[in-house]
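# A look at the structure
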Amino acid sequence: MKLDIATMSARLASDAKLTDYDFWRAIKMIDDELYQIERRGKPIPMQMIYARHVLKVARSNRLRPGR
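Residues numbered from 1 in each chain as written. Predicted model: local features only at pLDDT ≥ 70, side-chain atom pairs only at ≥ 80, totals over all residues. Heavy atoms only, no water.

This part takes up helix α3 (residues 46–63). Taking 1.5 Å as the rise per residue, α3 with 18 residues should run 26 Å; its terminal C-alpha atoms sit 26 Å apart, in good agreement. Those residues of α3 not exposed but buried are Met48, Val54, Leu55 and Ala58. Looking straight down α3, one finds its buried side chains confined to an arc of 125 degrees; they lie on one side. (Helix = DSSP H or I, 4+ residues; strand = E, 2+ residues; numbered from the N terminus. Expected span 1.5 Å × (residues − 1). Buried < 20%, exposed > 50% of the residue type's maximum accessible area, 1.4 Å probe, protein only. Arc of directions from axis to C-beta.)

Moving on to helix α2 (residues 20–40). Its 21 residues give α2 an end-to-end C-alpha distance of 31 Å, which sits within 8% of 30 Å, the value for a rise of 1.5 Å per residue. Turning to α2, its buried residues are Phe23, Ile27, Ile30, Leu34 and Ile37. Along the long axis of α2, the arc covered by the buried residues comes to 85 degrees, so they all point the same way. Looking at α2, the residues exposed on the side facing more than 90 degrees away from the buried face are Tyr21, Met29, Arg39 and Arg40. If you follow the buried residues of α2, they end up packed against α1 (5–14) and α3. Just beyond α2, the residue with positive phi is Gly41, at close to 75 degrees. (Contact = heavy atoms within 4.5 Å.)

Quick look at the nonpolar core now. One finds Ala13, Phe23, Ile27, Ile30, Leu34, Ile37, Met48, Leu55 and Ala58 forming the largest nonpolar core, which totals nine residues. Mapped by element, the contributors of at least two residues to this core are α2 and α3. In terms of residues, this core owes the most to one element, α2, which gives five residues. Apart from the residues within four sequence positions on either side, Ile37 is in contact with Lys42, Pro43, Ile44, Pro45 and Met48. (Core = buried A, V, L, I, M, F, W, Y, C linked by side-chain atoms within 4.5 Å.)

What follows is the structure, encoded as C-alpha cells:
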C-alpha cells in the first residue's frame, strides 16, 4: 500500500469539519499511545508513525494560509 502523505494531509487540512483542536487532540492521542507502546517494549506500528506525520503536516498546512 502506497501512502501519499501530501495528498492525505491536504485533504485533511481543507476539511472544514475538523478544527485545529481536533488535529492537536489526535496528535496528542497518538503520541500518548506511542509512549505507552515504547514503555512496554513493544514494536512501534508504522501506521501510527504515518498517521502522526499526516496529521502534523495537515495541521501545519492549515496554520499557513495560502498553501
